[in-house]
Structures are given as C-alpha cells and as structure tokens.
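Spelled out from the first residue to the last, the chains are:
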Amino acid sequence: MSVILEARNIVRDYHVPGSFLKKAKTVHAVKGVSFQVEKGKTLAIVGESGCGKSTLGRILTLIDPATSGELLIEGKTVDIAKGDLTPEMRRKVQIVFQNPYGSLNPRQKIGDILTEPLVINTKTPADERRDRAMTLLKKVGLEEKHYNRYPHMFSGGQRQRIAIARALMLNPKLLVLDEPVSALDLSVQAQVLNLLADLQDEFQLTYVFISHDLSVVRYIADEVMVMYFGEAVEYGSRDEVFADPKHSYTKTLFAATPRADVESIRARLARKKAA
Amino acid sequence: MALLEIENLVVEFETASGPFRAVNGVSMKVHEGEVLAIVGESGSGKSVSMLAAMGLLPWTAKVTADKLTFNGRDLLGMPANERRKIIGKDIAMIFQEPVASLNPCFTVGFQIEEVLRVHMGLDKAARRKRAIELFQAVGIPDPAERLNSYPHQMSGGQCQRVMIAIAIACNPKLLIADEPTTALDVTIQKQILDLLMKLQADHGMGLIMITHNMGVVAETADRVVVQYKGRKMEEADVLTLFANPKSNYTRALLAALPDNATGDRLPTISELFVDDQVEGAAR
C-alpha cells in the first residue's frame, strides 16, 4: 500500500491586524497536525465548528498555504507558498464543499461547471471535455440531458452529485470532502454516501472526509482523527477510536451524538418517568 | 382536552400548473406536557402544517381543516386580531435558521423586549429584568451585557438560545420547534436539546419537534408522527415506532440511518419504499 498523502506537523496561523484600539493578534487555527493516508482509504477528520478542520482541508487541497510543516502528495513535497503548484499537482487533489447551493455558480450551465477544471488545467480539446463530462454525469447517477441545465433546476442531492462529478473531472488521486452530506436529508444522504463508496472502489480514490456527524464517520471511515482547538487529540483506526476513545473531548463527542436504538429510548423514557 | 387539535388539514398553493397540495389531510393532537415529533424528508409538509396552525403562511396558501383548535378555541374561524393575541404568546415557534430568523438591525435585547411589550405589556424596567432572567434560563453567560449584542456578534448556538428565550418569554402553553438543531454541531445540539427538554419539563409545555433527524426523535419525543409527501404515514409512541414500525416508509427511514448499516452499502429509501399508494391517492 502506498501513502498518497502525508502531513508532517502542519501549522496554520492567521494574523488579525490590530487597529487604533485593538492589539494585533494571532489565531492558531491548526497547531501541528501530522497524519498519513494510504491509497484507496478514507481518513475522517472530526471536530466541532472552529476546531480547524476546514482550515486543514483547505491546506490539503492546496488552496491555502500552511504557515509551517510539510505536506507530501505521493511522496513529493508541495509548498504552494513557494510556488510549487503546477497543474499536474492541482489535478491530484480536488475538493467537494459542504453547501451544494453555494458551491455551484448559478449563472453557469452544468456542462460549463463540469468542463471548467479541464479548461483551466489541461489542453484537452472541447469535444473530449464534453465526452468526459457526459461520462461523469452518468457515473454520479445523472443523465446526459442535464448537461445544458442550470444549478437551480436541481435538488440539493443532485447538486452535490454535480459537485462530486466536477471534483472527479481531473481524475484526482485524492478527494477532500468537506461535510459533503451535512446539508442533505437522511434519505439523500444515504444515496450520496453510497455513491462515494462506489466511486472510491471504481477509481481507487483516497478520501479525506471532514465531518461532525459520528454516525456517518463510523460508516465511511477507515481511520479517524479528532480535532479540538486546532490540535489532533485522537488519531487511530476507526475501530480503535470508536471502541476505546482516549481523549475526554472524544468522549464528550460520543456522549453528545443522539442514539437511535431501542435500548437508549427505553432508558430515556425510564429516566423521564423517574424524574 | 388536547392542547392543539388538527383534523384533516389541507394546505394548497396555487402554481402555474394548477394547485399544489403541500399538506394532504393530516390529523394530530398534542396534549399538555407532551413532546410530539413530526418526522419527514424535506418537502413532506411537516413545516407547512405547523406554519398553517400558526397562521404564518402567506395569503396565497389555501388552508382548510375539519378542525383546527387550540385549547378548544377554533383558530381558523377566529378574527386575525384575536389570533395574534394567541400566536407568540400561548403558541410560540422556534425557527430552523437561528441567524436568519433574528433581525440583524436590532440588538437581541430589543427583540426579546419587543415580545414582552406587545404580549405582556410590561414597563421598561420590568422588561429588562425579565429579559435578563430569560437569558439566564437559556444559559447565555453574562446576560445583562449580551442584551446589547447584535445577532452577528453571537455564534449560531447562542443565537438559537436567544430564539428559544424569545419563544418562551410569555410562558407559552405550546412550543413548536422547527428543526431547532439542524444548523448546529453535535455538542451544541446536545446542549440545545437538553435545554428544550428541561424547559418543557419545568413549565409543563406541549412541545412539537419538527425534524428529519431520527436521532433527535429518539432522544426527545414521547409520540411521533411520520409524514411523507404531505400525508401522515404513521403515528405511534416513540418506542413502538423504533422497535416495531408499521408503515413501510418508516421502516425505510430507519434502515437508511448510518448507525443501522449492516453491510457495505446503506439501503436508500427509494430502494425500500415504493410510494404507489401515495401517488395514486394524492393525484
């Protein structure tokens, strides 16, 4: 098994400039996080809002540079602050954002949305771009007739499929999924999760799955990393983390997740009766 | 007597392609001190039926019901000014998007005191005192200070607490919470749910939880109504619903939970549930 993505001690600080009455300060969004992900596996990053998981996602996707630390993709160091970002590198990592209503340009047709990554990063001719877009539309469970439609004509789940298709246009090795199902209904969520699992098998994709929903993480992840205030407080295989959480924050997280099994309901009703 | 009684509620919207039935003959009852959960996917009419009960739908909506009563009083037949005295006072609602449902132009203190002024007729000092009490009750730290904050200065969880404080300001008999935790993190969700359950128990309110999260249902409800495409599919107490669901749709909904995944794939609702009887009956 080859390691696709490796992060060594990634740090990201944001400097908030001071003003007349305020002192300048530095926000440490990510404080030295290290991990590696093998080809075809899924790493889930879990944490509450503001814990730095999306910042980390942006660094992995080569959108933002890290303040310090090393990022290796297929064994090669990438530092976008130094201008290492070639189109070949860009093609290897793609991202799917949380909100499919915000991440698709309402004035572009689906076809243009899908082919734009190819226009920017490759010299693929127009008819090949179109063919590829059609193939991927079908792969994610949409139809060819959707090619000339606009995003507002689709439901949330369909839009998320389009966003996934767009991310796959460049044939990436690594897909960063930033809460891809948290804006979706339960039934649609199941469909999108199934689709992600199918695509992973077919293209040998590696996923970094950012989420705060532990039931989804337990379903999809191979490895789990729990972040809290910019630090990785827990990192291990899924079964390890779920069976025996070490850090107190992970335990809090487990305790906060609603349980939908009959025993817990019975226990709750009994507690209520006693009170 | 039931607090809120709805019988055969129908809500229709006029569209370019003829009337669209968002709610199609839904009946339910909520008793004092009871937690009723209404579950369904988006578009199942769960929010619309509650908005109809509150009288908050736009005039384009056509609302009819055999019975729509609150505390024995007919809500549909009553004049608008009478109804406004009940809405916001005896029946209060918490909306889904806490940040969007607060007015960004006014301080949260102004917005909570507005309710107290209109419905309770309290004077300025009494309003401020009550507002501070309410903020304390919902667990906002430093309440006197926070009353002067604007919504954008607070986090999503804090805004939801403000919404709850506004909703319970007049000690309502019935509280309707429309997806109160959907926009929030699990840890904050837990805090908000615990807070709602505590307030419900303390005041003996009736509480209607509208949600699509089966976990939230399992953690809060006494009784559950499952809605699909504007129709009621099933009504049962919470234990029966989870242990022994009667309708195929409920079974499909429960099977789609990632917690219940057995193999590599999650069963999806469309695989498990064919809604021929609904389609046939509705149109």
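Residues numbered from 1 in each chain as written. Chains lettered and ligands numbered in written order. Predicted model: local features only at pLDDT ≥ 70, side-chain atom pairs only at ≥ 80, totals over all residues.

- An unreviewed UniProt entry annotates chain B as Dipeptide transport system ATP-binding protein originating from Aminobacter aminovorans.
- The UniProt entry for chain B carries this comment under Subcellular location (unreviewed entry): "Cell inner membrane". (UniProt positions renumbered as here; feature names shortened; annotations may be inferred.)

- Per an unreviewed UniProt entry, the recorded name for chain A is ABC transporter ATP-binding protein, and the organism is Aminobacter aminovorans.
- Quoted straight from UniProt, the Sequence similarities (unreviewed entry) entry for chain A says "Belongs to the ABC transporter superfamily."
- Under the heading Subcellular location (unreviewed entry), UniProt records this for chain A: "Cell inner membrane".

1. Overview of the overall build of chain B
Here is step 1: Of the regular secondary structure elements, chain B holds 13 helices and 11 strands.
Here is step 2: For 283 residues, the compact-globule formula gives about 19 Å, and the C-alpha radius of gyration of chain B, at 20 Å, lands near that figure.
Here is step 3: C-alpha extents for chain B along the principal axes are approximately 60 × 50 × 40 Å.
Here is step 4: Within chain B, the proportion of its 283 residues that are buried is 47%.
Here is step 5: Sequence-distant contacts, at least 24 apart, represent 65% of the contacts inside chain B between residues at least 6 apart. (Helix = DSSP H or I, 4+ residues; strand = E, 2+ residues; numbered from the N terminus. Rg over C-alpha atoms; globule rule 2.2 N^0.38 Å. Buried ≥ 20, exposed ≤ 12 C-beta atoms within 10 Å, placed from the backbone. Contact = placed C-beta atoms within 7 Å.)

2. A short note on the interface of chain B and chain A
Here is step 1: Across the boundary between the two partners, chain B contributes 28 residues, which contact 28 residues of chain A.
Here is step 2: For the side of chain B that touches chain A, the elements supplying multiple residues, two or more each, are helix 8 (186-203), helix 9 (214-220) and helix 10 (238-243) of chain B.
Here is step 3: By residue number, the principal contributor to the side of chain B that touches chain A is helix 9 of chain B, which donates five residues.
Here is step 4: Classifying every residue of the side of chain B that touches chain A gives 15 nonpolar, six polar and seven charged. (Nonpolar A, V, L, I, M, F, W, Y, C, P; charged D, E, K, R; others polar.)

3. Concerning the packing of helix 7 (residues 156-167) of chain B against helix 8 of chain B
Residues and elements named next belong to chain B.
Here is step 1: Put simply, helix 7 and helix 8 touch, their axes get as near as 10 Å, and they point 15° apart. Taken as axis vectors, helix 7 and helix 8 run roughly parallel relative to one another. Seen along the crossing, helix 7 lies across helix 8 with a hand that is right-handed. Mapping the contact onto sequence places G157, Q160 and I164 in helix 7 and I188, Q191, I192, L195 and L196 in helix 8. (Axes fitted to C-alpha atoms, helices over the stretch in contact; angles between N-to-C directions. Parallel < 35°, antiparallel > 145°, perpendicular 65-115°, else oblique. Left-handed = near helix turned anticlockwise from the far one by under 90°.)

4. Focus on the nonpolar core
Here is step 1: A:V208, B:A165 and B:I208 are the most contacted members of the largest nonpolar core, which totals 162 residues.
Here is step 2: If near-sequence neighbours (up to four positions away) are discounted, B:I208 is found in contact with B:V30, B:L36, B:I38, B:M50, B:I176 and B:A177. (Core = buried A, V, L, I, M, F, W, Y, C linked by C-beta atoms within 7 Å.)

5. Overview of unusual backbone geometry
A negative phi angle characterises most non-glycine residues, just as the trans form characterises most peptide bonds.
Residues and elements named next belong to chain B.
Here is step 1: Of note in this structure, N8 is not a glycine but carries a positive phi near 50°.
Here is step 2: With a phi angle near 50°, K229 is a residue other than glycine that sits in the positive phi range.
Here is step 3: Checked against the element boundaries, K229 lands in the loop between strand 10 (223-228) and strand 11 (231-237).
Here is step 4: For K229, a count of 20 C-beta atoms within 10 Å translates into the label buried.

6. Describing the UniProt feature "domain: ABC transporter" (unreviewed entry) in chain B
Here is step 1: Per the UniProt record, "domain: ABC transporter" (unreviewed entry) is found at residues 4-254 of chain B.
Here is step 2: Between the end C-alpha atoms of residues 4-254 of chain B the distance is 28 Å, and the span holds 40% helix and 27% strand.

7. Some words on the pairing of strand 3 (residues 35-39) of chain B
Residues and elements named next belong to chain B.
Here is step 1: Of all five residues in strand 3, five are buried, a share of seventy percent or more.
Here is step 2: Burial of the side chains of strand 3 extends over both faces: V35, A37 and V39 are buried on one face and L36 and I38 on the other.
Here is step 3: Across five bridges, strand 3 lies against strand 9 (residues 206-211) in parallel orientation. Within the sheet, the bridge partner assigned to I38 lies in strand 9 and is I210.
Here is step 4: With four bridges connecting them, strand 3 and strand 10 associate as parallel partners. The partner of I38 across the bridge, within strand 10, is V225. (Pairing = 2+ DSSP bridges.)

8. A few points about helix 7 of chain B
Residue and element names in this part refer to chain B.
Here is step 1: Between its terminal C-alpha atoms helix 7 stretches 16 Å, which fits the 16 Å expected from 12 residues at 1.5 Å a residue.
Here is step 2: Within helix 7, 11 of the 12 residues are buried, which leaves it mostly tucked inside the rest of the structure.
Here is step 3: Every buried residue belonging to helix 7 is among G157, Q158, C159, Q160, R161, V162, M163, I164, A165, I166 and A167, and all of these are buried.
Here is step 4: Buried positions along helix 7 lie against strand 7 (91-94), helix 3 (98-101), helix 4 (108-120), helix 5 (124-137), strand 8 (174-178) and helix 8. (Expected span 1.5 Å × (residues − 1).)

9. Concerning the sheet that holds strand 10 of chain B
Residue and element names in this part refer to chain B.
Here is step 1: Reading across the sheet, the six strands line up as 7-8-9-3-10-11 and stay open at both edges, with mixed pairing between neighbours. Edge strands, defined here as strands with exactly one partner in the open sheet, are strand 7 and strand 11. Between one strand axis and the next, the sheet turns through 15° on average, direction left out of account.
Here is step 2: Where strand 10 meets strand 11, six bridges bridge the pair, whose relative direction is antiparallel. Within strand 11, the residue paired with V224 across the bridge is A236.

10. Quick look at the pairing of strand 10 (residues 231-237) of chain A
All names here are of chain A.
Here is step 1: As paired elements, strand 9 (residues 223-228) and strand 10 share six bridges and run antiparallel to each other. By the bridge assignment, M225 is partnered in strand 10 with Y235.
Here is step 2: Hairpin connection, strand 9 to strand 10: the antiparallel pair is bridged by two residues, and F229 has positive phi, about 50°.

11. Concerning the sheet that holds strand 6 (residues 93-96) of chain A
Each strand in a sheet pairs with another by means of backbone hydrogen bonds, the pair being arranged parallel or else antiparallel.
Residues and elements named next belong to chain A.
Here is step 1: Spatial ordering of the open sheet is given by 6-7-8-3-9-10, a layout of six strands whose pairing is mixed. Across the chains shown, the open sheet's two edge strands, defined by having one partner strand only, are strand 6 and strand 10. Each strand axis lies, on average, 15° off the axis of its neighbour in the sheet, ignoring direction.
Here is step 2: Strand direction decides the pairing type here: strand 6 and strand 7 (residues 174-178), joined by four bridges, are parallel. Paired with V96 across the two strands is L177, which belongs to strand 7.

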